[in-house]
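Summary of structural features
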Amino acid sequence: QVQLVESGGGLVQAGGSLRISCAASGRTFTMGWFRQAPGKEREFVATVSWRNDNTMYRDSVKGRFTISRDNAKNTVYLQMNSLKPEDTAVYYCAAAGDYGLYSLVGHYRYWGQGTQVTVSS
C-alpha cells in the first residue's frame, strides 16, 4: 500500500513559479502528476521513472514544468515556471505499480488527495 500526500499548492500570478511536492510512504516505482480543472477530466501532466533518468510531459507544459524525485526522501516534485491561468487546477500525485512510463490515468494505482494551484491573470 502506498500513501501519497501533496503539498505546496497556492495562488500565484501569471508568469510566476510554484513548486509542489508529493511525499510517499511505501515502495514506489514510476511517479506522475495529473491535474483536473473544474468541469474537465483529469489529465496527464508529467511522469518520471524510478531512477529519475527518464521523464515525459504533456505538450502544453514542456519547457515550463520540470518533474523530479528524491528517492532518499521518497518525494516527487513538480517545478512549475511561467505559469498561465490555464494551468489552474487541482494537481494530483500518482504512483504506478511498475517501472513503465505512462500518461494514462489507468496505469496509476495510487493517488494523493490533490493540491489546488490557482494562477491569476
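See the structure printed just above.
Reference entry: report on the structure contained in this document. (Residues numbered from 1 in each chain as written. Predicted model: local features only at pLDDT ≥ 70, side-chain atom pairs only at ≥ 80, totals over all residues. Heavy atoms only, no water.)

1. Comments concerning the overall build of the protein chain
Quick note on the threshold: Secondary structure is summarised from DSSP: a helix means a run of H or I of at least four residues, a strand means a run of E of at least two, and numbering begins at the N terminus for each. We take the radius of gyration over the C-alpha atoms and set the globule estimate at 2.2 Å times the residue count to the 0.38 power. Partly exposed describes any residue whose relative accessible area lies between the buried limit of under 20% and the exposed limit of over 50%, with all areas from a 1.4 Å probe on protein chains only and scaled to the type maximum. Residue contacts follow a heavy-atom distance rule, with two residues in contact if any of their heavy atoms lie within 4.5 Å. Residue-level accessible areas treat just the shown protein chains as cover; the underlying method is Shrake-Rupley with a 1.4 Å probe. The charge count treats Lys and Arg as positive and Asp and Glu as negative. His and the chain ends do not count. Every charge is mapped to an atom, namely NZ of Lys, CZ of Arg, CG of Asp or CD of Glu.
Secondary structure assignment for the protein chain yields 0 helices and 11 strands. In terms of C-alpha radius of gyration, the protein chain reaches 13 Å, essentially the compact-globule figure of 14 Å for 121 residues. Taking the principal axes of its C-alpha atoms as reference, the protein chain extends roughly 40 × 25 × 25 Å. Looking at the protein chain as a whole, 46% of its 121 residues are labelled buried. By sequence separation, contacts in the protein chain at least 24 residues apart represent 59% of the contacts at least 6 residues apart. Within the structure as shown, the protein chain displays about 6,200 Å² of accessible surface, and the carbon and sulfur contribution to it stands at 47%. If the 13 positive side-chain charges of the protein chain are averaged to one point and the 9 negative ones to another, these points end up 3 Å apart.

2. Comments concerning the side chain of Asp-87
Rules: Two N or O atoms form a polar contact when they lie within 3.5 Å of each other; inside protein one atom must be a possible hydrogen donor and the other a possible acceptor, and for residues adjacent in sequence the pair counts only when both atoms belong to side chains.
Within the fold, Asp-87 resides in the loop between β8 (75–80) and β9 (89–96). Polar contacts involving the side chain of Asp-87 include one to the side chain of Arg-35, which spans 3.0 Å. Residues in contact with Asp-87, not counting those within four places in the same chain, are Arg-35, Arg-64, Phe-65, Ser-82, Val-117 and Val-119.

3. A closer look at the environment of Met-56
Mapped onto the elements, Met-56 comes out in strand β6 (residues 55–57). Note on Met-56: relative accessible area 29%, which makes it partly exposed. Through-space distance from the C-alpha of Met-56 to that of Ile-67 is 8.7 Å; in sequence the pair is 11 residues apart.

4. Notes on unusual backbone geometry
The phi torsion at Asn-74 lies on the positive side, around 50°, for a residue other than glycine. Among the secondary structure elements, Asn-74 is positioned in the loop between β7 (65–70) and β8. Of note in the backbone geometry, Ser-82 takes a positive phi value of approximately 50° without being a glycine. Structurally, the position occupied by Ser-82 is in the loop between β8 and β9.

By themselves, these are just geometric observations and shouldn't be taken as functional.
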